[in-house]
Amino acid sequence: MAAGSLAGASPSAPIARLPLNRERVLAAALEIADQEGLAGLSMRKLAEVLGVKAMSLYNHVANRDAIIDGLVESVVSEIALPEIGGDWKAAMRQRALSAHLALLRHPWAALAILSRLNTGPAMLRSIDATLGCLVAAGFSLEQADHGWNAIDSHIYGFTLQEINFPIEAQDYAAMAGSFLPQLPADRFPHLNALSREVMERRYDGLHAFDFGLEFILDGLERCRGPAAPPESSR
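The present account deals with the structure reproduced in this document. (Residues numbered from 1 in each chain as written. Predicted model: local features only at pLDDT ≥ 70, side-chain atom pairs only at ≥ 80, totals over all residues. Heavy atoms only, no water.)

## Let's talk about the overall build of the protein
So, point 1. Of the regular secondary structure elements, the protein holds 12 helices and 0 strands.
So, point 2. Looking at the protein residue by residue over its 234 residues, the buried ones come to 37%.
So, point 3. Taken as a whole, the protein presents about 13900 Å² of accessible surface, with 58% of it coming from carbon and sulfur. (Helix = DSSP H or I, 4+ residues; strand = E, 2+ residues; numbered from the N terminus. Buried < 20%, exposed > 50% of the residue type's maximum accessible area, 1.4 Å probe, protein only. Areas by Shrake-Rupley, 256 points an atom, 1.4 Å probe, with all protein chains shown as cover.)

In structure tokens form, the structure reads like this:
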């Protein structure tokens, strides 16, 4: 097509002429979700963004729930798979950091993943590789199952708190000073002391993702090995 043939065309016209497929639908839905959250994602809004009629979307996705399932798969596919047979702590650390960053890029995703039954191929690959990494390191299947769930509880819990925390990091010192009158040293000595640390900028008050992760990894290291037999078999 000659460049001049696009003169005067509306910005949405070239997009509308592209063939609609599942990949385009999910890509547009991901952009909406990242900007507005899942609450802003509707079939009508999605159709408007793609420049098509809403009914045409159903040729590619069954419904809004199917779109969300596809978005979850897309986010999970961004998370690094742990290497099986190498340094298990390094692999779990890389996976956890990769997951944390992916969930920060898509602030709606943590709650969506936790609240849905996810059995897509990306999710199943992720879980299987995680279990495989831990089993190869000497954990029993039971220990590996508990282990990756403990790590994931930290990933999702920390991320949700970080996304939803009502105070911006740069405001911590000022907020600590404003709360100090409510924390008299004779009633709340430790909160008072901590607030002074933050207020006087000797401590930034920021909770570190790596700090909790290392606690979990060190704890898993200590329990690695054959699982104890059930009480009934002793």
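That covers the picture; the talk isn't over yet.
## Considering the packing of helix α9 (residues 141–164) against helix α12 (residues 209–223)
So, point 1. Packing of α9 against α12 brings their axes to within 10 Å, and their N-to-C directions diverge by 170°. Relative to α12, α9 is oriented roughly antiparallel. Together, Gln143, Gly147, Ala150, Ile151, His154, Ile155 and Phe158 of α9 and Phe209, Gly212, Leu213, Ile216, Leu217, Leu220 and Cys223 of α12 make up the contact between the two elements.
So, point 2. Across the contact of α9 with α12, the residue classes tally to 10 nonpolar, 4 polar and no charged. (Axes fitted to C-alpha atoms, helices over the stretch in contact; angles between N-to-C directions. Parallel < 35°, antiparallel > 145°, perpendicular 65-115°, else oblique. Contact = heavy atoms within 4.5 Å. Nonpolar A, V, L, I, M, F, W, Y, C, P; charged D, E, K, R; others polar.)

## Some points on the pattern of salt bridges
So, point 1. Scanning all chains against the criterion turns up 10 salt bridges.
So, point 2. Residues Asp69 and Arg116 are paired through a salt bridge, measuring 2.9 Å at the closest nitrogen-oxygen approach. Highlighted residues: Asp69 in helix α5 (residues 64–76) and Arg116 in the loop between α7 (109–114) and α8 (121–136), separated in sequence by 47 residues.
So, point 3. Overall, Asp69 belongs to the partly exposed group, its relative accessible area being 35%.
So, point 4. Relative accessible area serves as the criterion here: at 23%, Arg116 is assigned to the partly exposed category.
So, point 5. The partner of Arg95 in a salt bridge is Asp152, and the shortest N-O contact between them spans 2.9 Å. (Salt bridge = Lys/Arg side-chain N within 4 Å of Asp/Glu carboxyl O.)

## Overview of the side chain of His154
So, point 1. Locating His154 in the fold gives a position in helix α9.
So, point 2. For His154, a relative accessible area of 14% gives the class buried.
So, point 3. Only 2.9 Å separates the side chain of His154 from the backbone oxygen of Phe209, close enough to count as a polar contact.
So, point 4. Setting aside chain neighbours within four positions, we find His154 in contact with Thr159, Phe209, Gly212, Leu213 and Ile216. (Polar contact = N/O pair within 3.5 Å; in protein donor to acceptor, adjacent residues only side chain to side chain.)

## So, the packing of aromatic side chains
So, point 1. For the structure on display, the rule yields 3 aromatic pairs.
So, point 2. Between Phe211 and Phe215 the ring centres are 5.2 Å apart and the planes differ by 70°, which places this aromatic pair in the edge-to-face class. Highlighted residues: Phe211 and Phe215, both in helix α12, separated by 4 residues, approximately one helical turn.
So, point 3. Look at Phe211 and you get exposed, because its relative accessible area is 57%.
So, point 4. On the accessibility criterion, Phe215 (57% relative accessible area) is exposed. (Phe/Tyr/Trp six-rings, centres within 6.5 Å; stacked < 30°, edge-to-face > 60°.)

## Some points on α12
So, point 1. Compared with an ideal rise of 1.5 Å per residue, which puts 15 residues at 21 Å, α12 spans 22 Å between its outermost C-alpha atoms and is within 8% of the ideal.
So, point 2. Every buried residue of α12 is accounted for by Phe209, Gly212, Leu213, Ile216, Leu217 and Leu220. Buried residues along α12 cover an arc of 135° about the axis, so they all sit on one side. Across from the buried face of α12, at angles greater than 90 degrees, the exposed residues are Phe211, Phe215 and Arg222.
So, point 3. Following α12 by one or two positions, Gly225 has its phi on the positive side, about 140°. (Expected span 1.5 Å × (residues − 1). Arc of directions from axis to C-beta.)

## A closer look at α8
So, point 1. Over its 16 residues, α8 runs 22 Å from end to end, which matches the ideal 22 Å to within 8%, given 1.5 Å per residue.
So, point 2. Buried residues in α8 make contact with α5, α6 (88–105), α7 and α9.
So, point 3. The positive-phi residue at the C-terminal boundary of α8 is Gly138, with phi of around 110°.

## Some points on the environment of Ile127
So, point 1. Relative to the assigned elements, Ile127 resides in helix α8.
So, point 2. For the pair formed by Ile127 and Leu81, sequence separation is 46 residues and the distance between their alpha carbons is 8.9 Å.

## A look at a nonpolar patch on the surface
So, point 1. A cluster of nonpolar residues, Leu191, Leu194 and Tyr203, forms a patch on the protein surface that exposes about 260 Å² of accessible area.
So, point 2. Relative to the helices and strands, Leu194 is located in helix α11 (residues 189–199).
So, point 3. Among the residues examined, Leu194 registers a relative accessible area of 41% and is labelled partly exposed. (Patch = residues over 30% accessible without salt bridge, like charges linked within 9 Å, V, L, I, M, F, W, Y side chains within 5 Å.)

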